[in-house]
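Structural overview
For reference, the chains in residue letters:
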Amino acid sequence: MANANLYSLLPKVDELLEDKSIQELLDKIPRSLVLDVIRQELDTLRASIRENKLDKEELKGQLDGLVARISRRANQEASYKFKRVINATGVIIHTNLGRSLLNDKILDNIKEIASNYSNLEYDLQSAKRGSRYSIIESLICEITGAEAALVVNNNAAAVLLALSTLAKGREVIVSRGELIEIGGSFRIPEVMEESGAILREVGTTNKTHLRDYENVIGEETAALLKVHTSNYRILGFTSSVSIKELVDLKTKYQIPLIEDLGSGVLVDLAKYGLNHEPTVQESLANGADVVTFSGDKLLGGPQAGIILGKKEHISLMKQNPLTRAIRVDKFTLAALEVTLRYYLDEERALREIPTLRMLTMPIAEIEAKAKNLLDLIEGQGLDKAFTLEIQDDFSEVGGGSLPLEELATKCLVLSSDKYKIESIEGLLRGFNPPIITRIYRDRIYFDLRTIKEGEFKTIVEGLTHVANTLRES
Ligand SMILES: *Cc1c(COP(=O)(O)O)cnc(C)c1O
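Residues numbered from 1 in each chain as written. Predicted model: local features only at pLDDT ≥ 70, side-chain atom pairs only at ≥ 80, totals over all residues. Heavy atoms only, no water.

Some remarks on the sheet that holds strand E15 (residues 407-416)
Put simply, the test is: Note on pairing: DSSP must find at least two bridges between two strands before they are called paired. Numbering of helices and strands runs from the N terminus; a helix is a DSSP stretch of H or I covering at least four residues, while a strand is a stretch of E covering at least two. Note on geometry: axes are C-alpha line fits, over the in-contact stretch for helices, and angles between N-to-C directions span 0 to 180 degrees. Any two residues having at least one pair of non-hydrogen atoms within 4.5 Å are treated as being in contact.
The five strands lie next to each other as E2-E14-E15-E18-E17, forming an open sheet whose pairing is mixed. Of all strands in the sheet, those bounded by a partner on one side alone are strand E2 (91-93) and strand E17 (438-440). Here the average twist between neighbouring strands, direction ignored, is 40°. Across the sheet, helix H19 (residues 363-379) is in contact with strand E14 (386-398) and E15; its angle to E15 comes to roughly 20°. On the sheet, helix H20 (residues 421-430) packs against E14, E15, E17 and strand E18 (443-447) and is oriented at approximately 35° with respect to E18.

Some remarks on the layout of surface pockets
What counts is decided by this rule: A 1.4 Å probe that fits but cannot get out identifies a cavity on a 1 Å grid over protein atoms alone, an open set with protein on both sides within 12 Å along at least five of seven lines counts as a pocket, and a residue lines either if it has an atom within 4 Å of a point. Grid points are joined across faces, edges and corners, and a volume is the space filled by probe spheres set on the points. Under the grouping applied here, Gly and all other residues not named as nonpolar or charged are polar, the nonpolar ones being Ala, Val, Leu, Ile, Met, Phe, Trp, Tyr, Cys and Pro and the charged ones Asp, Glu, Lys and Arg. Residue ranges assigned to each domain were obtained from an automatic or database domain assignment.
Volume-wise, the largest pocket comes out at about 750 Å³. In terms of lining residues, the largest pocket is bounded by 22 residues, among which Leu-97, Gly-98, Arg-99, Ser-100 and Leu-101 are the most central. Across the lining of the largest pocket, the residue classes tally to eight nonpolar, eight polar and six charged. Two domains share the lining of the largest pocket, each providing at least three of its residues, namely domain 2 (86-95 + 360-472) and domain 3 (103-346). Broken down by secondary-structure element, the contributors of at least two residues to the lining of the second largest pocket are strand E10 (221-227), helix H12 (243-253) and helix H13 (280-285). Here the residues of the lining of the second largest pocket are counted per class, giving seven nonpolar, 15 polar and seven charged.

Regarding the packing of helix H4 (residues 31-50) against helix H6 (residues 66-78)
Note the following rule: Note that the term roughly parallel is reserved for angles under 35 degrees, roughly antiparallel for angles over 145, roughly perpendicular for angles of 65 to 115, and oblique for everything else. It is the rotation of the near helix from the far one that decides the hand of a crossing: anticlockwise by less than a right angle makes it left-handed, clockwise makes it right-handed.
The contact between H4 and H6 brings their axes to 9 Å, and the two run at 135°. Overall, the two elements H4 and H6 adopt an arrangement that is oblique. Between H4 and H6 lies a crossing of right-handed hand. Along its contact with H4, which presents Leu-33, Val-37, Ile-38, Gln-40, Glu-41, Leu-42 and Leu-45, the element H6 presents Leu-66, Arg-69, Ile-70, Arg-73, Ala-74, Glu-77 and Ala-78.

Section: the pattern of salt bridges
Rules: A pair is scored as a salt bridge if a Lys or Arg side-chain nitrogen falls within 4 Å of a carboxyl oxygen belonging to Asp or Glu. When accessible area is computed with a 1.4 Å probe and restricted to protein chains, residues below 20% of their type maximum are described as buried, those above 50% as exposed, and intermediate ones as partly exposed.
What the rule picks out here adds up to 32 salt bridges. The residue Asp-393 makes a salt bridge to Arg-438 at a minimum N-O spacing of 2.6 Å. With Asp-393 in strand E14 and Arg-438 in strand E17, this pair connects stretches of sequence that are 45 residues apart. Arg-438 sits in the partly exposed class, given a relative accessible area of 25%. Put simply, Glu-41, Arg-69, Arg-73 and Glu-77 are held in one network by salt bridges that share partners.

Side note on the side chain of Glu-137
The cut-off we apply is this: Think of a polar contact as two N or O atoms within 3.5 Å of one another; within protein, one of them needs to be a possible hydrogen donor and the other a possible acceptor, and neighboring residues in sequence only count if both atoms come from side chains.
Within the fold, Glu-137 resides in helix H8 (residues 134-144). Within polar-contact distance, the side chain of Glu-137 engages the backbone nitrogen of Ala-149 at 2.9 Å. Here Lys-318 takes part through its side chain, which lies 2.9 Å from a polar atom of the side chain of Glu-137. In this view, Glu-137 contacts Ala-148, Ala-149 and Lys-318; residues no more than four positions away in its chain are not counted.

Focus on the domain arrangement of the protein chain
We note that the domain assignment places domain 1 (4-78), domain 2 (86-95 + 360-472) and domain 3 (103-346) within the protein chain. Relative to domain 3, the C-alpha centre of domain 1 lies at a distance of 57 Å.

Observations concerning the sheet that holds strand E12 (residues 290-294)
Taken in spatial order, the seven strands of this open sheet run E5-E13-E12-E11-E10-E6-E9, and their pairing is mixed. Two strands bound the open sheet, and with one partner strand each, they are strand E5 (148-152) and strand E9 (198-202). Neighbour to neighbour, the strand axes of the sheet diverge by 25° on average, direction disregarded. Note: strand E6 (residues 171-175) against E9, five bridges, orientation parallel. Bridge pairing in E9 links Glu-171 to Ile-198. Of the strands in this sheet, E5 and strand E13 (305-309) touch H8, which is tilted by about 125° from E5.

Put into structure tokens, the structure is as follows:
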């Protein structure tokens, strides 16, 4: 039998609402949300009484902490669910964690544009309506040498628009070795179908020759498409046809050559000790008529799809009604202008663009960061149940860019004889802000390449939280 007297000890909702801390809560959190939390907490206590789980003393203990519990939970419920995380995975362009980061100058410009009116579609010279694309177009053309350019929502949209404009109802020839899928459901055959173009596959998975293309060129051919196999490589007995070779064909038959470059890097990464990734400038110089790529992969800017190439093709795309549906917003344009301007001076781009900075970070710098973080954690007195050491490892570029690149890095590696490594990882992920790590062979890896110095303190707090939680459980 439940002790009916205990119910009378429970405070009324109205009484709780009068409490000073709850009053302060109501200043910043919607009343309905606070009321929900109060009711849920009281319901839990009533259930405990009903099920005889509490005696009088225990209930009093629970009531002492009631207001604090309500505050904590209400604050939790009211916090944003889409939030920053700490990327300790070492994957630089991590699509699930938001791809490229923007620096402060870019953010300042977004704020300037977003909190004021702007000349988004207004020509300040003529006082007439202008184009939202013109400023960014001249900048892209200046950097890449392209005749014309257009920016849309993302690269998937860029490919869709190029195909829909140049090849709707007609055939586009693609090598079977390039019929790729990129994470998050971008598949060349499906984008092709959606655009209304007809896919004409040639060659085999591992080998495609120039004659394979030429054999199927006919009346119905609208374009040749070359897709950069961003996220995988076919190794061994292989051959594919380069853009240069395809140029002979497209010139002979007078059909446009489209290249989906995926990452769209604007600097020669080989100069910085990385594998060579075909640049946008090379693709154009080799003779591609239309080139598309993402804004937030190796370019290091905001999400966007950049299309550049011959004026005749880009002009047609600008007139396609689809362009209106996939147009970029002013925040993207504000961020993209700052990002692209860095490329007018390559060294500056490498220094200022976080993606490029992380990609080319010297190992000595990563090692120094690892030591600093280790010192900081040890200075706070790491729980005896944990062991930490610095180890050599490899980071990944991510975002379907440079899949075979092995970026030597330094990791802080955590192991524990006492606690399950999955529990530790889960608690780090549940911390605020969440700390996203990688488990390998029963150890947790913190890759210092993608961890900022400003995040060290949070990691120390996270580890303390993990240790306290596991000790109490
Ligand atoms: C990433 C990628 C895409 C898709 O780009 P989004 O900007 O994510 O839409 C398309 N094609 C290739 C080759 C890619 O690497």
